[in-house]
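# Structural features, examined
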Amino acid sequence: MTLPRNTSSSPSRRLVPFTVALALAAFASSAVAQERRSARDLGIVVGVLPTGPLNQITDVAGVRVGHVTVTSGDTINTGVTAILPHGGNIFREKVPAAFVAGNAFGKFAGTTQVQEMGELESPVVLTCTLCVPRAADAVMTYLLGLPGNEDVRSVNPVVGETNDGFLNRIRLRPISESDVLTAIAEADAGPFEQGSVGAGRGTIAFGWKGGIGSASRRLPEDLGGWTVGVLVQSNHGGVLTIDGAPVAEALGGAPYGGAGPDAPYPRAGMRPRAGGAGGGAASEAPEAPASLEDGSIIMVVATDAPLEHRNLERLARRALLGLGRGGGSMSNGSGDYVLAFSSVPLSRLWDEERVSNAAMSPLFQAAVEATEEAILNSIFLATTVEGDRGTVEAIPLEPTLEILRRHGVVPR
């Protein structure tokens, strides 16, 4: 089977507007076309710290991100997202790193060595669950092929995943070595697309379309002046909450009976096919999703602060607080992982004055805020996707904003 591939990672790629069907009395309308916008562009300000210029992980000096989106009709929706700590030979210029598992229902190849040695020698590649072995093999091809690595006999590819099997016919394992190598080769230090792109093409978050999201925070100079950036691959469940506003309950997508019978969108944004996977029209009255609370999320935290392994692990744990602030609860069937690294190579780290324990608190706050906002961006910038087992709608912006207005999160 030959799959057409969208291999562009250029920041100039246009976000495609989508149509949200509103069959609600409360929001009486037929179909409203609306451009996707980031949380901040919608007026949602998370936390108190300022963002970097791009409000993305690439605000951290040296960090690069590349995507390859793999689609074929309404069957294949998956991809690859690559995060590079710097533009050099990462095997020769390793960076300090740490790994934290919030709930370990998943696969994150290479992380035991990261945690044992406290260093990262590979791009961080994200993809779908059953594509991890192929992606890891491709990363090995990349690392072994770098000039200067001709005599290398062991490399540690780092590959994380979430399961996009609702929108993607995952058993086909549809990514190739060239997809991974392209994502790495085209990784760029500038702005990059978020939402239903790369490894986030087929993901679902809180019952709505999830995807790739990013955000950053820059500390004031008197607190160190460092930057913390976060990139997420959101595919998790929980009870969506935005700055305290009960969005999931109001939209009807809360698990555990949190939504009343008269709530709009009683089945969140998931519409299974009437005929099951691989064919048939969308059901007019589909069964409710089996598990809105389950799913996984990968969180990658980068900073230019000179941190060694121990404090990077502490920083990574704070990303889990950002996940919780947005309503994620790390359910039984969820893989919730954080990989944190400093973009300062180990060869230079020992020459710099490393951040003391007493100076870590502002960095912790930055990681919490950037993670929470990155998750929101992954949802608000995602577009509706029709896939193998059904359709997942993008979260409706205007109804969501109306909820946030009622709760004082955004101005009326």
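First, a word on scope: everything that follows refers to the structure included in this document. (Residues numbered from 1 in each chain as written. Predicted model: local features only at pLDDT ≥ 70, side-chain atom pairs only at ≥ 80, totals over all residues. Heavy atoms only, no water.)

This part takes up the nonpolar core. Grouped together as the largest cluster of nonpolar side chains are 55 residues, with contacts concentrated most on Ile44, Leu240, Ile242, Val247, Leu363, Phe380 and Leu404. Per-element tally for this core: the top contributor is helix H7 (residues 361–380), with 10 residues. Among all residues touching Ile242, those that are not within four sequence positions of it are Ile44, Val247, Leu376, Phe380, Thr400, Leu404 and Val409. With 53 residues, the next largest nonpolar core counts Val158, Phe192, Val300 and Leu339 among its residues. (Core = buried A, V, L, I, M, F, W, Y, C linked by side-chain atoms within 4.5 Å. Buried < 20%, exposed > 50% of the residue type's maximum accessible area, 1.4 Å probe, protein only. Helix = DSSP H or I, 4+ residues; strand = E, 2+ residues; numbered from the N terminus. Contact = heavy atoms within 4.5 Å.)

With 14 residues, helix H2 (residues 132–145) extends 20 Å between its outermost C-alpha atoms, agreeing within 8% with the 20 Å of an ideal straight helix rising 1.5 Å per residue. Buried-residue contacts for H2 involve strand E5 (76–84), strand E7 (108–109), strand E9 (124–128), strand E10 (158–162) and helix H3 (177–185). (Expected span 1.5 Å × (residues − 1).)

Another aspect to go through is the environment of Arg389. One can find Arg389 in the loop between strand E18 (385–386) and strand E19 (390–392). Residue Arg389 is classed as partly exposed on the basis of its relative accessible area of 42%. In sequence terms Arg389 and Leu167 are 222 residues apart; their C-alpha atoms lie 5.9 Å from each other. Among the polar contacts listed, one links the side chain of Arg389 to the backbone oxygen of Gly165, at a separation of 3.4 Å. (Polar contact = N/O pair within 3.5 Å; in protein donor to acceptor, adjacent residues only side chain to side chain.)

A separate point is the sheet that holds strand E15 (residues 270–272). Judged by pairing direction, the sheet is antiparallel, and its three strands sit side by side in the order E15-E19-E18 without closing on themselves. Only two strands of the sheet have a single partner each, and these edge strands are E15 and E18. Relative to E19, E15 runs antiparallel, the two being bridged by three bridges. Of the residues in E19, the one forming a bridge with Met270 is Val392. (Pairing = 2+ DSSP bridges.)

On to the pairing of strand E17 (residues 335–342), then. Residues in a regular strand point their side chains to alternate faces of the sheet. Burial analysis of E17 places eight of its eight residues in the buried class, the great majority of the element. By the alternation rule, side chains of E17 split into Gly335, Tyr337, Leu339 and Phe341 and Asp336, Val338, Ala340 and Ser342, which are all buried. The sheet contact formed by strand E6 (residues 95–104) and E17 spans seven bridges and is antiparallel. Counterpart to Phe99 in the pairing with E17 is Leu339. Judged from the seven bridges that link them, strand E16 (residues 296–303) and E17 form a sheet pairing that is parallel. Across the sheet, Thr303 pairs through a bridge with Ser342, a residue of E17. Remark: the E16/helix H5 (residues 309–325)/E17 crossover connection has right-handed handedness. (Right-handed = clockwise from strand over helix to strand, strands pointing away.)

So, to be careful, I would describe these as geometric facts and stop short of saying anything about function.
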